[in-house]
Amino acid sequence: MWHALRTRAIGLAVLAIGVLGSSANHALEWRAIPSVTAAAGSDSNVRLAAEATPSSSASVAAAYDVVARKPGLQFRLRPEVRALEYADDVVSDRSDVFTTFDLGLNDERQRW
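The structure displayed is predicted, hence computed values, not measured ones. (Residues numbered from 1 in each chain as written. Predicted model: local features only at pLDDT ≥ 70, side-chain atom pairs only at ≥ 80, totals over all residues. Heavy atoms only, no water.)

## Describing the sheet that holds strand E1 (residues 29-43)
- Strands sit in the order E1-E2-E3-E4 across an open sheet of four strands; the sheet is antiparallel. Either end of the sheet is taken by a strand with one partner, and the two such strands are E1 and strand E4 (94-105). Averaged over all pairs of adjacent strands, the angle between strand axes in this sheet comes to 10 degrees, irrespective of strand direction.
- In the sheet, strand E3 (residues 73-86) pairs with E4 via 12 bridges, with the strands oriented antiparallel. Paired with Arg78 across the two strands is Thr100, which belongs to E4. (Pairing = 2+ DSSP bridges. Helix = DSSP H or I, 4+ residues; strand = E, 2+ residues; numbered from the N terminus. Axes fitted to C-alpha atoms, helices over the stretch in contact; angles between N-to-C directions.)

See the structure below:
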């Protein structure tokens, strides 16, 4: 699973570099920001059932935000991993792995 995510992220990055770097008018400004978030929580009725079943949880998320900019163009790639673990077996734990990809294009007529 990690290999597939890494391969897709590298492929998107290579494609973006090719598209973004094709114009020699302006150099790309790159920014990379890693982040890690940890949290704990408590829910008084985690299943929203008639009989309340309280549960506490802990979560952790890690992401790496990569942004490339130049006038008229912005590219963003953000792979992220999230894990949520409950203290009891009332609710199943879960792990999520995904990548967000954004590409923004504009020209002089679209600027204010």
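## Regarding a nonpolar patch on the surface
- A surface patch of nonpolar side chains, amounting to about 290 Å² of accessible area, comprises Phe101, Leu103 and Leu105.
- Mapped onto the fold, Leu105 is located in strand E4. (Patch = residues over 30% accessible without salt bridge, like charges linked within 9 Å, V, L, I, M, F, W, Y side chains within 5 Å. Areas by Shrake-Rupley, 256 points an atom, 1.4 Å probe, with all protein chains shown as cover. Salt bridge = Lys/Arg side-chain N within 4 Å of Asp/Glu carboxyl O.)

## Topic: the confidence of the model for the chain
- Put simply, the chain has an average pLDDT of 83, and 73% of its residues get 70 or more.
- Ranking the elements of the chain by mean pLDDT puts helix H1 (residues 2-20) last, at 60, and E1 first, at 95. (pLDDT = per-residue confidence, 0-100.)

## A word on unusual backbone geometry
- Here the phi dihedral of Leu48 falls at roughly 55 degrees; this positive angle occurs in a residue that is not glycine.
- Relative to the helices and strands, Leu48 resides in the loop between E1 and strand E2 (55-70).

## Some remarks on the environment of Ile33
- When you line up the elements, Ile33 lands in strand E1.
- Overall, the relative accessible area of 40% leaves Ile33 in the partly exposed class.
- Along the primary structure Ile33 and Ala63 are separated by 30 residues, whereas in three dimensions their C-alpha atoms are 8.3 Å apart.
- When sequence neighbours within four positions are dropped, the list of residues in contact with Ile33 reads Ala63, Tyr64 and Asp65. (Buried < 20%, exposed > 50% of the residue type's maximum accessible area, 1.4 Å probe, protein only. Contact = heavy atoms within 4.5 Å.)

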